[in-house]
Amino acid sequence: MLARIYVTLKKGVLDPQGKAVQHSLESLGYDKVKDVRLGKYMEVKLDYSRAGESEPIVREMCEKLLANPVIEDYRFEITEE
Amino acid sequence: MLARIYVTLKKGVLDPQGKAVQHSLESLGYDKVKDVRLGKYMEVKLDYSRAGESEPIVREMCEKLLANPVIEDYRFEITEE
Amino acid sequence: MKFGVIVFPGSNCDHDCYHVVKHVFKQDAEFVWHKESRLASYDCLILPGGFSYGDYLRPGAIGKFSPIMKEVRRFASDGGLILGICNGFQVLLETDLLPGAMMRNRSLKFICKDLYLRLEEDDTPFTNRGRVGDMLKMPIAHFDGNYFVDDKTLQELEENHQILFRYCDHNGDVTTDANPNGAMRNIAGICNRERNIMGMMPHPERCSESILGNEDGRLIFESIIDAGVVLR
Amino acid sequence: MRNEPRVTEELVKEHGLTEEEYDKIKLILGRDPNYTELGILSVMWSEHCSYKSSKVFLQDLPTEGEHIIQGPGENAGIVDIGDGLAIVFKMESHNHPSFIEPYQGAATGVGGILRDIFTMGARPVASLNSLRFGAFDHPKTRYLLNGVVAGIAGYGNCMGVPTVGGEVYFNACYNGNILVNVFTLGLIKKEKIFKGVAYGPGNPVIYVGSKTGRDGIHGATMASEEFDEKSSERRPTVQVGDPFTEKLLLEACLEVMDTDHVVGIQDMGAAGLTCSSCEMASRAGTGIEMDLSMVPKREEGMTPYELMLSESQERMLLVVKKGREREVTEIFEKWDLDVSIVGKVTDDGMLRVIDDGVTVVEIPAKILAEESPVYIRPKERPQYLSKTEKFSTDKIPEAGNHGEVLIKLLGSPNIASQEWVYRQYDHMVRTNTVVLPGSDAAVIRVKGTKKGIALTVDCNSRYAYLDPYLGGMIAVAESSRNLVCSGAKPLAITDCLNYGNPEKPDIMWQFDQSTKGLSEACKRFNTPVVGGNVSFYNETRGEGIHPTPTVAMVGLITDIGLHMTQWFKRDGDQVVLLGKNCGELGGTEYLAAIHGQEEGPPPRLELDLEISVQDTCLEAIQEGMIMSAHDCSEGGIAVALAECCFSGPKSCHGVAVNISGDNMRGDCLLFGESQSRIIVSLYEDRLDDLRKIAERNNTPLSVIGRVGGDRLVINDLIDCPVTRLEQAWRRGIEERL
Ligand SMILES: Nc1ncnc2c1ncn2[C@@H]1O[C@H](COP(=O)(O)OP(=O)(O)O)[C@@H](O)[C@H]1O
Ligand SMILES: [Mg+2]
């Protein structure tokens, strides 16, 4: 199974990297850019045969390690590879 | 419109971060983890009214700035917010 | 006093911390390998700076699972003194031994330079040698020192006098311009409520010898040694 | 047999081998090489690995001296510093990879030079870097600058090795070819030196570090070619650095080397497994046999060709004593590193590689490592020199307001404060850095002794362009002067010789001339060359860079308490100039930045005068009589004086001086870059002592003024508040970004 995990900064947490990217885009002339937020994208390959099996495991991995609950939210999808 | 952009390392390019996360998950007892790859996830808000309009722009932004063509691939989706 | 310096894979200020307590302050010191699951008896543990696990994923994130961290927690709850410097501070945050999180510096660049700190609390084992309002010159060297915490916790930190250092300018004023990394309220160092755990981004071990041109860092180590004597 | 491409004429050419070279190969082997062998031979005989165009020209460099333990030929040079200790250092270029991918290119450059040092058993304690970018307003410059600096920071900081100094230059000649030269110095106990030797047939060969992937295959050949549009297609071969793994590798290797299990050890750099194995065998007069099935792999289906040529980073090859396999393996496993016994030392002198039970490579190791072709390429004095030499100061209009010119110069990128760069480097970790970046040379202490080590890297490539011989000499003279200003006695150098295409006679002439100049100066300063690196083919579409013989010099301070810095310390101190103002404008920063010209003969260098000035300065520092010492380089005496005023970590000082040069124009006097000048400041009552030293050494000395006030005043030419000068200087680079 393949878990695709998205870790983003919580609403209300300032995102200096997103701001910097936004700024660069603007200075390249992309004036329609209104906001940029930067996060992490992870692909975790798991040796399970069913999505249902891996779901609680992936959730646990996110809680424990992959996201920092003080500043980050996460979500994920699980698919066959 | 909202562009969700995924930037990942090209196949074959070493991913030290992914490797370290994988190692850590393994030593936490997640023995079903076979591979971890780390990438970036970006949300770019754009002041366009139609997806078709923004698509070439987003592609260009990826090529120019958001992805490093030497070592990274990218893909994106565009949705209403 | 006996210090233990925890060595994570990727720690790189471990030797510096050891050198300072052992050779400058003539205390007992030992390195403690992160894979150890038993902790000998120490009076103070130092979590040194560096890049534990390369700072991959997030600074301190992977280090928190090192086997030794279980023992560090126990040591903490028994009231032992713990000093986390730079990456050590980040590990303490990730471990929840201290509240908050570190984000990338506002400038998105690594910053290594001397700057000034205002001492905010002198009633801790780490700062008892100073007086509130003292100004200390100390170097920082980090990529992720942009301290963040939710509003409620921030208020608690203030109310419980847990903020020990703030970045200030050469006049001692805590200003936005003096903030090197975007940290909330210029926070450079905090302690826990029980006041036996301190985390700070600046490096006192880099400024405790006259040959290095600055001895302001001595205050921290001398305070700890004083406190250690009292504890005994 | 496997499906390997047949070796055709076409394929041979693609591998960059000439017909004659290929004939030689056939003659040696007595047969046609197979595909894997062709790959191996082509990298080992590439310019980058074999030095085939430069070898003969490097033979004249002085490489021996009283304190030299190891000269060129090993992974790094070694110099004795007493107390049972030695220093190990080397400089390497990573120009091409950094142009293609600035962050990773620079990062892996740092990784490579660090491995060169700890492979000898030394703990790396300080790094330097010398960077050259195109014109600041060139569209790629900012991107490259940002990436390279971040890459060096990213790798070096993570390793916990302080980057204590360096240099940054901008010049349009680097628009299509930046230079990234990195240097590391390590400390070692004299009796614990390791070398890359595979002694003892039967001893196991051990691989440790990252797994092998398809990274950087043909990196070495890439460094041996000019850039063209197709270069970007080679991008997938870019290596990614993993400083965390390297940090583990460093600690683990030092731990292993603390035992007595290790016979020899070498890092895998350019040409990876191939280069490390054949060099180790060749040095020991042995052979090595390897079984590729034992090599840790990152990807599936890798061919022998790929495995042998991969330049995956963070890998080492060890030969250990037979029977110690388990002990060695355990140490590496403690550090969570991949480790595998991949082969053994043999007595037949062959590099033999086995894949799937089949021998796929069988070539004498010596042929690969030492018997590459050698070329004495034709050389010819370049045309452009007859034009640039026709320079006359009279044609340069003298700018009206010298104060404004000084401000402009101080803010120009080649003179402005480089703090934006070194602030991103951890320059204090290890708590040894006694003089941080920002003075003439960095100084680190050697814990457990009274000693200090000073380090600097220098090259004015504009001088080298206008007069390669003189440029080579001046690079050495300036390095030495910088060390002396920090209170150190120069010991030895390492270099990076960066040039265009050596197949062009005028480039070869530049190379020959500047190497001769460098050599001559090293002999006179008694600073042998203990190692270095040649980087050719720094050309894009036929446009070569300025010849750039970068010199990194290391010196010893016997009493660290007597180190020196460049800035004024106290109001009231006397300011003294050692040396003479000759007012030469040729090749100056003034001419380039203010008048947009790169012309003229560079300033003269009289070695006797230079040595006398340096001797006087060093003696005076060692006698403890002076408070500051700063050498005059780019921007001349006006810039040097300004830097003395404001570059210190504490408060600024003003100064008022009267300088003289016979009847020369104001701009020549202020901004001319005459060599062999040092500005010192001292207590008034030590003046006579200084005079005595100067007299004994025959050094021209003039008392030119006094520290004090808050303005810089030079004759009736300049009178300007120091804060204004300082601001221009501090903001110079940042403002442009
Ligand atoms: N790339 C760099 N990395 C670290 N330090 C640097 C770098 N470039 C310049 N510096 C530091 O800035 C100071 C000024 O450099 P430079 O003007 O080249 O000095 P000098 O002319 O005396 O050699 C030196 O201390 C130098 O080490
Ligand atoms: Mg210089």
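Only a predicted model underlies this, so the values are computations on that prediction, with no experimental measurement involved.

Student: Describe the site of ligand 1, with residues and values.
Tutor: Residue and element names in this part refer to chain D. The local shell around ligand 1 holds 18 residues, among which Asn129, Gln418, Gly438, Ser439 and Asp440 are the closest. In this structure, glutamate 167 approaches ligand 1 through a main-chain N or O atom, which is 3.2 Å from a nitrogen atom. Between ligand 1 and glutamine 418 there is a distance of 3.0 Å, counted from an oxygen atom to a side-chain nitrogen or oxygen. Of all the secondary-structure elements, those providing two or more residues to the shell around ligand 1 are strand 5 (163-170), helix 17 (419-422) and helix 19 (468-485). Class assignment of the residues belonging to the shell around ligand 1 gives a composition of five nonpolar, eight polar and five charged.

Student: Tell me about the environment of Ala3(A), residues and numbers included.
Tutor: Residue and element names in this part refer to chain A. Looking at where alanine 3 falls in the secondary structure, it is placed in strand 1 (residues 2-9). Put simply, alanine 3 and glycine 29 are 26 residues apart on the chain and 36 Å apart in space, counted from C-alpha to C-alpha. Apart from residues lying up to four places away in sequence, alanine 3 is in contact with Met42, Glu43, Val44, Leu46, Val58, Glu77 and Ile78.

Student: Talk me through the interface of chain C and chain A; I want residue IDs and the actual numbers.
Tutor: Contact with chain C, which involves 17 residues of that partner, is made by 16 residues of chain A. For the pair chain C and chain A, the summed buried surface comes to about 1300 Å²; carbon and sulfur atoms form 72% of the total. Inspection of the region where chain C meets chain A yields one salt bridge. Note that Glu72(A) and Arg58(C) form a salt bridge whose closest N and O atoms lie 3.6 Å from each other. The tally of links from chain C across to chain A stands at five residue pairs in polar contact (both at pLDDT 80 or more). When residues of the side of chain C that touches chain A are traced back to their parent elements, those giving at least two are strand 5 (101-103) and strand 8 (146-148) of chain C. The biggest single contributor to the side of chain C that touches chain A is strand 5 of chain C, with three residues. Looking at the side of chain C that touches chain A residue by residue, the class counts come to nine nonpolar, three polar and five charged.

Student: Which residues make up the arrangement of the chains, and what are the values?
Tutor: Between all five pairs of chains that are in contact, chains A and B come out with the most contacts. At their nearest point, the C-alpha atoms of chain A and chain D are still 12 Å apart, with no contact between the two.

Student: Would you mind going over the interface of chain A and chain B in detail, with residue names and values included?
Tutor: If you look at the interface, chain A gives 33 residues, while chain B gives 32 residues. The contact between chain A and chain B buries some 3000 Å² in all, and 65% of this surface belongs to carbon and sulfur atoms. Where chain A touches chain B, the interface holds 14 residue pairs in polar contact (both at pLDDT 80 or more). Of all the secondary structure elements, the ones that give two or more residues to the side of chain A that touches chain B are strand 1, helix 1 (16-27), strand 2 (33-46) and helix 2 (51-66) of chain A. Per-element accounting of the side of chain A that touches chain B gives the leading share, 14 residues, to strand 2 of chain A. Taken together, the residues of the side of chain A that touches chain B break down into 17 nonpolar, three polar and 13 charged.

Student: Can you break down the relation of the copies chain A and chain B residue by residue, with the values?
Tutor: Superposing chain A onto chain B requires a rotation of 180 degrees together with a translation of 0.1 Å along the rotation axis, leaving an RMSD of 0.2 Å. Both chain copies can therefore be described as sitting about a two-fold axis. Interface residue correspondence from chain A to chain B reaches 97%, placing this contact among same-surface, isologous pairings.

Student: How would you summarise the pattern of salt bridges if you had to cite specific residues and measurements?
Tutor: Enumeration according to the criterion identifies 77 salt bridges over all chains in this entry. In this structure, Glu584(D) and Arg604(D) form a salt bridge, with 3.2 Å as the shortest nitrogen-oxygen distance. Here Glu584(D), found in the loop between strand 22 (574-578) and helix 21 (589-595), pairs with Arg604(D), found in the loop between helix 21 and helix 22 (607-622); they are 20 residues apart in sequence, far enough to count as distant. Of the residues examined, Arg604(D) reaches a relative accessible area of 52% and is grouped as exposed. In the salt-bridge network here, residues are joined through shared partners; they are Lys40(A), Glu72(A), Arg58(C), Lys64(C) and Glu94(C).

Thresholds, definitions, all that
Residues numbered from 1 in each chain as written. Chains lettered and ligands numbered in written order. Predicted model: local features only at pLDDT ≥ 70, side-chain atom pairs only at ≥ 80, totals over all residues. Heavy atoms only, no water. Near = heavy atom within 4 Å. Polar contact = N/O pair within 3.5 Å; in protein donor to acceptor, adjacent residues only side chain to side chain. Helix = DSSP H or I, 4+ residues; strand = E, 2+ residues; numbered from the N terminus. Nonpolar A, V, L, I, M, F, W, Y, C, P; charged D, E, K, R; others polar. Contact = heavy atoms within 4.5 Å. Buried area = accessible area lost by both parts, 1.4 Å probe. Salt bridge = Lys/Arg side-chain N within 4 Å of Asp/Glu carboxyl O. Least-squares fit on C-alpha atoms with pLDDT ≥ 70 in both. Buried < 20%, exposed > 50% of the residue type's maximum accessible area, 1.4 Å probe, protein only.

Any functional reading would require information beyond the geometric quantities listed.
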